[in-house]
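Spelled out, the chains give:
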Amino acid sequence: MNDERDYGALDAFLRETGRDGYLLHASADLADQYYLSGFDAPDPFATLYAPDRTAILVSGLEYGRATNEARADVVRRYADYDYHALAADHGREEASRRVLAAFLDEFGATDVATNERFPLGVADALRERDVTVTADRDDHVGGVRAVKTEAEVEHVRDAQRANEAALAAAEDLLAEADVVDGVLLYRDDPLTAERVKEEIEVTLLRHGCALDETIVACGADAAEPHNRGRGPLRVNEPIVIDIFPREKDSKYHADMTRTFVKGEPTEAAREFYDVTERAFDAAFDALEPGVTGATVHAAACEVYENAGYPTLRSDPDAETGFIHSTGHGVGLDVHEAPRLSEGADETLEPGHVVTIEPGLYDPAVGGVRIEDIAVVTEDGYEDLTDYRVEFVVE
């Protein structure tokens, strides 16, 4: 398998634990599967990674495409192991189990590691055939995935450009909305979270991206960080818009949040925003190679705590204030390593792509969050986000 990724940590793990390889059995929706195989298939298939080669096992339906597209060194199909004869004698499920065992036997894999999402039924079937299957609780593939190559950073950057176009379309709706008797109207209809989400999704599709859900949450809804939001958007209340699309071709994500007010924010909401912007800047000031995710998180917490707001660092039971981490890794998954949070002892490295997203939350005020996405570099970071930070929409 020839690419510029560094699999050294994964190879060392296999070598030190005496495993014959790293086995995955899943569709390409599992990020580890797509990362190791380079093959995008909607149905489960097997990937066996070893330091000297990567082999995949696919159905006959996918064989031609896998041969042309997969990043694996070896592609096998079920028919290579007499699947049809086995199915006729033992049924399809048993035949599939025997084929997978034969595939592993061909490559001398009698002791394999896998990630914690490996199907229990498949693991049991292999163990019945004297294959040792052990969960990798330290997520070594995730650790490799966390350090992005230049090509991967470009995929994130492309997704982020689409993200910015979508956010601009959402902000335009707010800017064009009329205020009538304290209600936001767009072309004489109430402007709703659902209408803004529709504009976001259509814009992303036009830019080659898609997303399952997004957040457009107003007022008290925005005080719950993962509340998707619903119903009419209201004048003078914070509106959190958090978009995390995936580029269709590359499968890499972006992530960005802005908080807007149409009208005049309350004094409390303005204070939330100003303090959050300072926490945002402080976290970026701390972001560099060699520090831990906990260090970056602490920088944001320090700003909030000095301003008199609770954080989960100062009060683990807090329900208002800064009640989440400062950030997370982004790549094939929208949430992946490294973490920027309390207790996150991972050392940040060049190539880590992370979010910086502090926020304040209180149902009496609403919610405020500001988020950019950046890549750690040799001498600091590069902010991949090109979108202004501004609260009030005119």
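One can find the structure itself at the top, above this paragraph.
The rules behind the values
- Residues numbered from 1 in each chain as written.
- Predicted model: local features only at pLDDT ≥ 70, side-chain atom pairs only at ≥ 80, totals over all residues.
- Heavy atoms only, no water.
- Phe/Tyr/Trp six-rings, centres within 6.5 Å; stacked < 30°, edge-to-face > 60°.
- Buried < 20%, exposed > 50% of the residue type's maximum accessible area, 1.4 Å probe, protein only.
- Helix = DSSP H or I, 4+ residues; strand = E, 2+ residues; numbered from the N terminus.
- Lys NZ or Arg CZ within 6 Å of the ring centre and 35° of its normal.
- Salt bridge = Lys/Arg side-chain N within 4 Å of Asp/Glu carboxyl O.
- Pairing = 2+ DSSP bridges.
- Axes fitted to C-alpha atoms, helices over the stretch in contact; angles between N-to-C directions.
- Contact = heavy atoms within 4.5 Å.
- Core = buried A, V, L, I, M, F, W, Y, C linked by side-chain atoms within 4.5 Å.

Turning next to the packing of aromatic side chains. For the coordinates displayed, the defined rule picks out 11 aromatic pairs. Consider the rings of Y78 and Y83, whose centres lie 5.4 Å apart with planes at 75 degrees: the pair is edge-to-face. Taken individually, Y78 and Y83 each receive the classification buried, so the pair is uniform in this respect. Plain terms: the ring middles of F280 and F284 are 5.1 Å apart, the flat faces sit at 80 degrees to each other, and that makes the pair edge-to-face. Here F280 and its partner F284 are both found in helix α10 (residues 267-286), four residues apart, which amounts to about one turn of the helix. Each member of the pair, F280 as well as F284, carries the same accessibility label: buried. Here the aromatic cluster, defined as three or more aromatic residues joined through ring pairs, consists of Y7, Y35 and Y49. Its guanidinium or amino end placed over the ring of Y63, R77 lies 4.3 Å from that ring's centre, counting from NZ or CZ. Sitting over the ring of Y34, K251 keeps its end group 5.7 Å from the ring centre.

Our next topic: the pattern of salt bridges. Applying the stated criterion across every chain, the model contains 33 salt bridges. One salt bridge connects E213 with R228, and the closest N-O pair in it is separated by 3.2 Å. Of this pair, E213 sits in the loop between β10 (209-210) and β11 (215-218) while R228 sits in the loop between β11 and β12 (239-243); the two residues are 15 residues apart in sequence, bridging distant segments of the chain. Among the ionic contacts, a cluster of salt bridges with common partners joins E93, E94, R97, R98, E128 and R129.

In this section: unusual backbone geometry. The omega torsion of the bond from A337 to P338 falls at 0 degrees, within 30 degrees of zero and hence cis. Checked against the element boundaries, P338 lands in strand β16 (residues 336-340). Positive phi outside glycine occurs at D130, with the angle close to 65 degrees. Here D130 falls in the exposed class, since its relative accessible area comes to 67%. Of note, the phi angle at D188 is positive, near 75 degrees, even though the residue is not glycine. In this structure, D188 sits in the loop between β8 (183-186) and β9 (189-190).

As a further point, take the sheet that holds strand β2 (residues 45-50). Pairing is mixed across the open sheet formed by six strands, whose spatial order is β4-β3-β2-β1-β5-β6. In the strand order of this sheet, the two ends are held by β4 (74-77) and β6 (132-135), each with one partner. Across the sheet, the mean angle separating the axes of adjacent strands is 25 degrees when strand polarity is ignored. One ladder, built from four bridges, connects strand β5 (residues 111-114) with β6; its direction is parallel.

Below, the discussion takes up the side chain of H324. With respect to the helices and strands, H324 occurs in the loop between α11 (293-306) and β15 (327-329). For H324, the residues in contact, after removing those within four places along its chain, are P225, H297, L312, E357, P358, G359, Y361 and R369.

With that out of the way, let us pick up the nonpolar core. Counting 33 residues, the largest nonpolar core has L287, V296, Y304, I356 and L360 as its most contacted members. Among the secondary structure elements, those contributing two or more residues to this core are α10, α11, β17 (353-356) and β20 (372-377). Residue contributions to this core peak at 10 residues, all from α10. With sequence-adjacent residues up to four places away left out, L287 is seen in contact with V296, L348, V354, I356, A374, V376, G380 and Y381.

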